[in-house]
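# Structure assessment
Okay, here's what each chain looks like letter by letter:
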Amino acid sequence: MGSHRKGRSTTEVRVTEAASGPVSGSAAPHRDRYFDTLRALALIRVVGYHTFGWACAGLVFPSMGIMFALAGTLMAKSLERPALKVVRSRLRRLLPPFWFWGVFVVLAMLLHGWMPDWRIVHWIVPLGDPPGSAWGEQAWEILWYLRTYLWFVLLSPLLLRVFRLAPLPVLALSLVPVLALNFVWAGPDGRIGTALWDLSTYLCCWLLGFAHRDGVLRRMRPAAVVVLSLAALGFGGWYALAHRAEFGTYDLDENPLAQAFWSAGFVLPLLWAKARFGIDFGWLTRLRRTNRIVTVFNARAVTIYLWHEIALLLAVPLIDRFWDVPAFEAYLPLESQWFLFGVGWLLIGVFVLLCGWVEDVAARKRPRLLP
């Protein structure tokens, strides 16, 4: 598998269960269409980023920060139940789709000469980055998100306790770890260091999810939200642009410190507005087709996230075959990245139909082709 991937963006995933673990099912009345729409947009942006490689994508819409914030608010809600049951539920909903996908990826790499070591255990529970071959890198590199999400899930019972002791100070201090890693000590090498960087980068967004759920954001004054959001966005944007020579780009996915501040500044007003004004996008249910698309995206978010890179990989040789058909060569924009984007989504749709039912099984629901 070649790699056109640039950086380490993704949602991806509710992408991991719609911010609380892969959720499945139709758009029931209790579903929040505001969150559902943000989740769907995050997935679309992830696929777009991996198709076009736009460095500005994270500045326009920081998908991963938004996804971790949504996951945080739903995790806080779930922890009204016993913590052990919540963690087990998250693992049960996430791991079966990951295992199903992993069988194909691991088998493909083995057939192409890859020989794993003991670290293959991370293909069972990805608490560390699962190993893989360079040939399959584009497929497995997205797994950093699942690893980070699982660690947040495991840490959430403790994080929520600490957060509720002093919500605003804890929120402010949540950006200290990424500052420390950037300016004081870069952390250990290898998987542990990588995990620390990712957790530190998105810790504030996860805790903003807690703040939304606990009503902390709702009580904040509009002026304070504007000032804090602009300050975080300003610093994150400045740091990305000021250090683009060092990182070779202003892409936030290459610059954890800029990513942390920009994502926090972007997420804060989104969640504050939701809490303050009760935005629910209820009107979306009247637009049947749009509502249906949002429903499918949320019920199959894990499937879309896991399979989208493979879909984009397969789209390239498929389009190459189109050149052999004179009519296609004459009338289709085969060289356009937008055409690749469209074919990629068609293949993602195929994977949703073929593999999405695993999310239903993981959620202990009746398997369906489409929710």
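Preceding this section is the structure that the text describes.
First, a word on what this report is: a plain description of the structure on this page. (Residues numbered from 1 in each chain as written. Predicted model: local features only at pLDDT ≥ 70, side-chain atom pairs only at ≥ 80, totals over all residues. Heavy atoms only, no water.)

### Points about the overall build of the protein
Broken down by element type, the protein carries 17 helices and 0 strands. With respect to the principal axes defined by its C-alpha atoms, the protein has extents near 65 × 50 × 45 Å. In the protein, buried positions account for 56% of the 371 residues. Accessible surface, the protein: about 16,600 Å² in total, of which carbon and sulfur atoms supply 68%. (Helix = DSSP H or I, 4+ residues; strand = E, 2+ residues; numbered from the N terminus. Buried < 20%, exposed > 50% of the residue type's maximum accessible area, 1.4 Å probe, protein only. Areas by Shrake-Rupley, 256 points an atom, 1.4 Å probe, with all protein chains shown as cover.)

### A look at the state of the cysteines
According to the stated counting rule, one finds 0 disulfides in the structure shown. Just so you know, Cys205 is unpaired, no disulfide at all, and the nearest cysteine sulfur is the one on Cys204, 6.0 Å from it. (Disulfide = S-S within 2.5 Å.)

### Thoughts on a positive patch on the surface
Taken together, the side chains of Arg81, Lys85, Arg88 and Arg364 make up a positively charged region of the molecular surface. A relative accessible area of 68% places Arg364 in the exposed class. (Patch = residues over 30% accessible without salt bridge, like charges linked within 9 Å, V, L, I, M, F, W, Y side chains within 5 Å. Salt bridge = Lys/Arg side-chain N within 4 Å of Asp/Glu carboxyl O. Lys, Arg positive; Asp, Glu negative; His and termini not counted. Charge placed at Lys NZ, Arg CZ, Asp CG, Glu CD.)

### Let's talk about the pattern of salt bridges
Counted under the stated rule, the structure contains 10 salt bridges. Across the pair Asp36 and Arg33 runs a salt bridge whose closest N-O atoms are separated by 2.6 Å. Of this pair, Asp36 and Arg33 are both found in helix α1 (residues 33–52), 3 residues apart, which corresponds to roughly one turn of the helix. Both residues of the pair, Asp36 and Arg33, count as buried. A salt bridge links Arg147 to Asp129; the shortest N-O distance between them is 2.8 Å. Taken together, the residues span a long stretch of sequence, with Arg147 in helix α6 (residues 144–165) and Asp129 in the loop between α4 (83–111) and α5 (137–140) at a distance of 18 residues. Since its relative accessible area comes to 1%, Arg147 is described here as buried. Here Asp129 falls in the buried class, since its relative accessible area comes to 18%. Overlapping salt bridges, with partners in common, bring together Arg33, Asp36 and Arg39 in one network.

### A look at the environment of Phe266
Tracing the backbone shows Phe266 in helix α12 (residues 256–277). Separated by 70 residues in sequence, Phe266 and Leu196 have C-alpha atoms that sit 22 Å apart. If near-sequence neighbours (up to four positions away) are discounted, Phe266 is found in contact with Leu59, Val60, Phe61, Pro62, Ile66 and Leu233. (Contact = heavy atoms within 4.5 Å.)

### Remarks on unusual backbone geometry
Even without a glycine there, the phi angle at Phe281 is positive, about 50°. Examined against the element boundaries, Phe281 turns out to sit in the loop between α12 and α13 (288–299). One non-glycine residue, Arg364, lies in the positive phi region at around 60°. Mapping Arg364 onto the fold places it in the segment after α17 (357–362).

### Thoughts on the nonpolar core
If you look at the biggest cluster of nonpolar residues, it comprises 103 residues, and the most contacted ones within it are Phe68, Trp101, Trp123, Tyr145, Tyr149, Trp206 and Leu208. Sorting elements by how many residues they give to this core places α12 first, with 12 residues. Once residues within four sequence positions are removed from consideration, Trp123 is found in contact with Phe98, Trp99, Trp101, Gly102, Val105, Val106, Met109, Trp114, Pro130, Pro131, Trp140 and Leu143. (Core = buried A, V, L, I, M, F, W, Y, C linked by side-chain atoms within 4.5 Å.)

### Thoughts on the packing of helix α8 (residues 176–183) against helix α9 (residues 190–213)
Where α8 contacts α9, the axes come no closer than 7 Å and their chain directions differ by 135°. In terms of their interaxial angle, α8 and α9 are classed as oblique. In terms of crossing hand, the pair formed by α8 and α9 is left-handed. Contacts between α8 and α9 involve Pro177, Val178, Leu181 and Asn182 from the former and Leu196, Trp197, Ser200, Thr201 and Leu203 from the latter. Of the residues belonging to the contact of α8 with α9, the class tally is 6 nonpolar, 3 polar and no charged. (Axes fitted to C-alpha atoms, helices over the stretch in contact; angles between N-to-C directions. Parallel < 35°, antiparallel > 145°, perpendicular 65-115°, else oblique. Left-handed = near helix turned anticlockwise from the far one by under 90°. Nonpolar A, V, L, I, M, F, W, Y, C, P; charged D, E, K, R; others polar.)

Purely geometric numbers; function is a separate question.
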